[in-house]
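Understanding the architecture of this molecule
So the chains spell out like this:
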Amino acid sequence: MKPVPLAQVFLLAVIPAGLFLSSIFLHASAGSYYLSGIFDPEYVYLFNALNLLHLHPPTHADHPGTTLQIFGAIIILGKWLLSCAVGPCVSLDDSVLGNPEAYLVTINAILNLFVAGSLVWGGMRILRFSNMVLPAITLQLTMFSFLQIELALTRVSPELLLVLSVLVLILILIPEVFSQPSHSSGSGMARNAILTGGILGFGLATKVTFFPLLGVVFLLQGPRKRLLAVCSCLAAFFAFTLPILASYPSTVVWFGSILVHQGQYGSGMYGFPEFDIVMDNLAILYSGEPFLFISLGFYLLAIFGIKSLLSRGNAEPQIKILNLLWIGCLIIAVQIAITAKHPGLHYMLPAMVFTGLLNAALVFLHKTDHRYALTRAVLIVGVLVVGLSLNGVRLAAWAKDAESHHLETKDLLHETKKKDGCWQVGYYRSPLIEYALAFGNDLSGSRYGDVLQRMYPNAMFYNIWSQEFHSFVARIQSRTLVDQINQGRCIVLLGSPFRGPYAIYKSKLVLTPLLVTSNWALYRLVGLRS
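Every value quoted in this text rests on a predicted model; they were computed, and no experiment measured them.

1. What to know about the packing of helix α5 (residues 100-130) against helix α6 (residues 134-142)
- The geometry of α5 relative to α6 is characterised by a closest axis approach of 8 Å and an angle of 155° between their N-to-C directions. The orientation of α5 relative to α6 falls into the category roughly antiparallel. Remark: the crossing between α5 and α6 carries right-handed chirality. Side by side, α5 and α6 meet where Leu119, Val120, Gly122, Gly123, Ile126 and Ser130 of the first sit next to Pro135, Ala136, Leu139 and Gln140 of the second.
- Classifying every residue of the contact of α5 with α6 by side-chain character gives six nonpolar, four polar and no charged.

The structure is reproduced here in structure tokens:
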């Protein structure tokens, strides 16, 4: 294989660069994590990454998510050491907790650079193995066909690392799909099997929604390579979840409860959800990301088309791509099926990213087999245009909503400033940085309460679930607050409006609304009920 010319390298860097820049733009549109109300799970992972640097095990293992905690810890340590090298050096805790958004933005930017780099590298590998640019560009363009992919790139969540994991998996599988027999070697294919298993274990340790991608093991030729991949997957999963080794029993119970109960997150009775609920959930998934369902239908159509071509002549490229499409359809179907119980669009993300390889393979097949070329070209281009168009419409709507949300937040904080001298109490989803810090601390073993109390001595919070007021370190007695109110003290609460299903959580509070919008509310606390 010849090296890729520099001009083609630059060409294959254009789309990944655009994806990286779009992640910056979209994050800027949404605003800081704590202001936009999406500090879950960002601050949870920030605090648990800090736990690792103190050699404490993470207390949050819901996804499991240990890979993101490990990456976060490495990046946090690097940024802190660099800041100490070029300026005044404060303690690690003071640096991270005093400027959490800077650390989150750094983690996000570095992971996005890895994503962009993987896309460039993936394009180059497809070009080297196929001698074609179009399949490489198709892989890259697919990333712009799903809103959930672009939104994931704005976050510090397992989804961002899932995008990277699937892209690395595609990098490893490219020889299995595009290589000619002369390019294959026993040692190289064995190495690919081990690498495939390793990234599968990494993805599972990132989030269990990666599970359907295990189907790629069947792309490997022969039982020995598949066994190598399975063993490598188990070893990698164990290695990347070592930080939560002591939590294995509770983690297994948690995932088991999700699996065997009808409701979401382990709630409800034992068994499967009712058929009507599943169908309603599927409708939600289709309306949110229709292109994944359209792609599944297109791949099934392509399978029958390729089988008809094979009946007129047996060729290895067609057989390879036919196997890839069958496995891809299985992955997408399983991904949709397991998400139908918990209809979160981001849970389908691994299958969305994997469609990039399927699309690239179909373009490669189109360029190598010229039978019915015009019909196939129209279909492939048409499907990609549909995906890009649908995502463009959804992205525009998301940007409009983000701008509206940002303006509402500014209005809330402006109204809060008018209450200067009032005690500010953050509660559910409050756009106060103190609340985001308290949220992260609560889900990381509450190890940083003393440091946070020193940094934010006037911070107060209301827990809507326990209906208690507290600081970073202790519960605040209701009698104390009543005495302050009777003495004329102004106390305001900032958070989500107490309406709909959340109306019951204000039963203890006597409130006067000061500002209520679709996302936020500012209330004055005028009394407490016993």
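The rest of the description comes next.
2. A word on the packing of helix α1 (residues 6-30) against α6
- At a minimum axis separation of 9 Å, α1 and α6 run at an interaxial angle of 10°. Taken together, the axes of α1 and α6 are roughly parallel relative to one another. Seen from α1, the contacting residues are Leu11, Leu12, Ile15 and Pro16; seen from α6, they are Ala136, Ile137, Gln140 and Leu141.
- Residue classes in the contact of α1 with α6 are distributed as seven nonpolar, one polar and no charged.

3. A closer look at the sheet that holds strand β7 (residues 521-528)
- Here we have seven strands laid out as an open sheet, ordered β4-β3-β2-β1-β5-β7-β6, and mixed in their pairing. The open sheet is flanked by β4 (475-476) and β6 (509-516), the only strands paired with a single partner.
- Along the sheet, helix α19 (residues 478-486) contacts β1 (423-426), β2 (460-463), β3 (468-470), β4, β5 (491-495) and β7; its crossing angle with β7, the most-contacted strand, is approximately 95°.

4. Regarding the packing of aromatic side chains
- Taken as a whole, this structure holds 18 aromatic pairs when the rule is applied.
- The interplanar angle of 75° and the centroid separation of 5.7 Å between the aromatic rings of tyrosine 428 and tryptophan 465 together place this pair among those described as edge-to-face. Of this pair, tyrosine 428 sits in the loop between β1 and α17 (433-442) while tryptophan 465 sits in the loop between β2 and β3, placing them 37 residues apart in sequence.
- With a relative accessible area of 23%, tyrosine 428 lands in the partly exposed category.
- Judged by its relative accessible area of 52%, tryptophan 465 falls in the exposed class.
- Ring centres of tyrosine 456 and phenylalanine 472 lie 6.2 Å apart, and the angle between their planes is 45°; on these two criteria the pair is classed as tilted. With tyrosine 456 in the loop between α18 (449-455) and β2 and phenylalanine 472 in the loop between β3 and β4, the pair connects residues that are 16 residues apart, well separated along the chain.

Criteria and cut-off values
Residues numbered from 1 in each chain as written. Predicted model: local features only at pLDDT ≥ 70, side-chain atom pairs only at ≥ 80, totals over all residues. Heavy atoms only, no water. Axes fitted to C-alpha atoms, helices over the stretch in contact; angles between N-to-C directions. Helix = DSSP H or I, 4+ residues; strand = E, 2+ residues; numbered from the N terminus. Parallel < 35°, antiparallel > 145°, perpendicular 65-115°, else oblique. Left-handed = near helix turned anticlockwise from the far one by under 90°. Contact = heavy atoms within 4.5 Å. Nonpolar A, V, L, I, M, F, W, Y, C, P; charged D, E, K, R; others polar. Pairing = 2+ DSSP bridges. Phe/Tyr/Trp six-rings, centres within 6.5 Å; stacked < 30°, edge-to-face > 60°. Buried < 20%, exposed > 50% of the residue type's maximum accessible area, 1.4 Å probe, protein only.

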